[in-house]
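# What the coordinates show
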Amino acid sequence: MAQMVQMTTEQLQQLIEAVRISAANSAAQAAETVQTKSKGSFSNCPSRFGGQRDHEAVEEFITSIVTYKEIECISDEDALKGISLLFYGLASTWWQGVRKEAKSWNDVLALIRDHFSPTKPAYQIYMEIFEKKQEDSVAIDTFVCQKRALLAQLPDGRHDEETEIDLVYGLLNIKYRKHIARHDIKTFRELLEKGRIIEHNMMEDEDEQTGPVRGSKGTKRCTYCNFRGHTTEQCRKRKSAEDN
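On a predicted model such as this, the values are computed, not experimentally measured, just so you know.

Before going further, it helps to examine the environment of Glu77. By the element assignment, Glu77 lies in helix 3 (residues 76-82). Along the primary structure Glu77 and Ser104 are separated by 27 residues, whereas in three dimensions their C-alpha atoms are 7.5 Å apart.

This is how it looks when you write it as structure tokens:
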């Protein structure tokens, strides 16, 4: 049979105080452990930059390291110290020369952009946009994505989405413009949805074609009657004329 333990009021208060202090110490240790674990560096970051002067490559690198820094809870001070781990080749040489100019993390990002991805003048961006039309082998998703990336480099507020669609629509392959009227689309999302349907239907048509199609490449053309599907030796019209 368990025996009852009698405690004075003073003893009870001492026990409560001891439990409280123990709990507080445990919480502090746990917080310190979490903080120690969360403190990271760029040593395990998979992104590296070699100094290529390409807008898309620079923005992809910056987005990657900014995201990694936030996930690993890297402080601005530690990020500034460890950013050199992510450079190699020309970028590493460049960083040795400009590192004293970087007083903060935002300075690092600004220096990378200014040197390897300087802002292009608007006229040059427009020239790149209209330089190429969509080729027959390029999917509509890829083409629109490339043109929108260029449009994003223009000054903010230069065009609304409707105007941007006007710019891109005229560059689409004729096989899309035949089936998609400009007034039927209001957003790029609608344009891509309709374009994917056209591509899917074209793939089905190609799969269903089992024999030679009139006008298709690779089929024989008769030099006498100018019709495809047979040769001059097989031409019935030629033989009929000879018989007559």
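Text resumes after the structure shown.
Turning to the packing of aromatic side chains, a few remarks are in order. Any pair of aromatic rings gets described here by the distance separating the centres and the angle formed by the planes. In the structure shown here, the tally under the stated rule is 9 aromatic pairs. Ring geometry for Phe87 versus Trp94: centroids 6.0 Å apart, planes at 85°, classification edge-to-face. Accessibility classification places Phe87 together with Trp94 in one group, the buried group. Through a chain of ring-to-ring contacts, three or more aromatic side chains come together here, namely Phe49, Phe61, Phe87, Trp94, Trp95 and Phe116.

A few words on the packing of helix 7 (residues 140-151) against helix 8 (residues 161-169). Contact geometry for helix 7 and helix 8: axes closest at 11 Å, N-to-C directions at 125°. Regarding the angle of helix 7 to helix 8, the classification is oblique. Taken as a pair, helix 7 and helix 8 cross one another with a handedness that is right-handed. Listed contacts from helix 8 to Phe143, Val144, Lys147 and Leu151 of helix 7 are Glu164, Leu167 and Val168.

Put simply, helix 2 (residues 55-71) and helix 5 (residues 105-116) touch, their axes get as near as 10 Å, and they point 165° apart. By the criterion of interaxial angle, the relationship of helix 2 to helix 5 is roughly antiparallel. Considering only the axes of helix 2 and helix 5, their crossing is right-handed. In this structure, helix 2 uses Val58, Glu59, Phe61, Ile62, Ile65, Val66 and Lys69 to contact helix 5, whose residues at the interface are Trp105, Leu109, Ile112, Arg113 and Phe116. Along the lines of polarity and charge, the residues of the contact of helix 2 with helix 5 split into 9 nonpolar, no polar and 3 charged.

What follows covers a negative patch on the surface. A cluster of acidic side chains, namely Glu204, Asp205, Glu206 and Asp207, defines a negative patch on the protein surface. For Glu204, the location among the structural elements is in helix 10 (residues 188-208). The exposure class of Glu204 is partly exposed, given its relative accessible area of 37%.

With that settled, consider the pattern of salt bridges. Under the definition given, this model contains 8 salt bridges. Between Asp76 and Lys69 there is a salt bridge, with the nearest N and O atoms lying 2.7 Å from each other. Salt-bridge contacts for Asp136 lead to Lys175; the nearest nitrogen and oxygen are separated by 3.3 Å. In this pair, Asp136 sits in the loop between helix 6 (122-131) and helix 7 while Lys175 sits in helix 9 (residues 174-177), placing the two residues 39 residues apart along the sequence.

The next point concerns helix 2. Two residues of an α-helix separated by three or four positions point the same way, owing to the 3.6 residues in each turn. Between its first and last C-alpha atoms helix 2 spans 24 Å; for 17 residues at 1.5 Å apiece the expected length is 24 Å, and the two agree. In the core, the buried residues of helix 2 are packed alongside helix 3 and helix 5. For helix 2, the N-terminal cap is Asp54; the gap from its side-chain oxygen to the backbone nitrogen of Glu56 is 3.1 Å. Phi turns positive one or two residues past the end of helix 2, at Cys73, with a value near 55°.

Before going further, it helps to spend a moment on the side chain of Ser47. With respect to the element layout, Ser47 can be found in the loop between helix 1 (9-38) and helix 2. A distance of 2.3 Å separates a polar atom in the side chain of Ser47 from a polar atom in the side chain of Ser64. Sequence-distant contacts of Ser47, that is, excluding residues within four places in its chain, are made with Phe61, Ser64, Ile65 and Leu86.

Cut-off values and rules
- Every chain is numbered on its own, with residues counted from 1 as its sequence reads.
- Note on the predicted model: pLDDT of at least 70 is required for a residue's local features to be given, and 80 or more for side-chain atom pairs to be given and counted; whole-chain, interface and lining totals, by contrast, use all residues.
- Only heavy atoms go into the side-chain values, all of them from the structure, while hydrogens and water stay out.
- Numbered from the N terminus, helices here are DSSP runs of H or I no shorter than four residues, and strands are runs of E no shorter than two.
- Stacked, tilted and edge-to-face pairs are distinguished by plane angle, under 30 degrees for stacked and over 60 for edge-to-face with tilted covering the rest, among Phe, Tyr and Trp rings (Trp via its six-membered ring) whose centres lie within 6.5 Å.
- Categorising residues by exposure relies on relative accessible area from a 1.4 Å probe, with only protein chains included: less than 20% of the type maximum marks a residue as buried, more than 50% marks it as exposed, and the intermediate range marks it as partly exposed.
- Only the stretch in contact is used when fitting a helix axis, every axis being a line fitted to C-alpha atoms; angles between N-to-C directions are given from 0 to 180 degrees.
- Roughly parallel means an angle under 35 degrees; roughly antiparallel, over 145; roughly perpendicular, 65 to 115; everything else is oblique.
- Crossings are assigned a handedness: left-handed for a near helix turned anticlockwise from the far helix by less than a right angle, right-handed for a clockwise turn.
- Any two residues having at least one pair of non-hydrogen atoms within 4.5 Å are treated as being in contact.
- Each residue receives one of three labels: charged for Asp, Glu, Lys and Arg, nonpolar for Ala, Val, Leu, Ile, Met, Phe, Trp, Tyr, Cys and Pro, and polar for the others, Gly being one of them.
- Put simply, a patch holds well-exposed residues, over 30% relative accessible area, that have no salt bridge, with like charges counted together within 9 Å and Val, Leu, Ile, Met, Phe, Trp or Tyr side chains within 5 Å.
- Shrake-Rupley sampling with a 1.4 Å probe provides the accessible areas, and residues are treated as covered by the protein chains on show and by no other component.
- The salt bridge criterion pairs a side-chain nitrogen of Lys or Arg with a carboxyl oxygen of Asp or Glu, the two atoms within 4 Å.
- Only four residue types enter the charge count: Lys and Arg as positive, Asp and Glu as negative, with His and the chain ends excluded.
- Where a charge sits is defined by one atom per residue type, namely NZ (Lys), CZ (Arg), CG (Asp) or CD (Glu).
- Helix span, as expected, comes to 1.5 Å for every residue beyond the first.
- The term polar contact refers here to a pair of N or O atoms within 3.5 Å; inside protein, the definition further demands a hydrogen-donor-capable atom paired with an acceptor-capable atom, and it admits residues adjacent in sequence only when both atoms are side-chain atoms.

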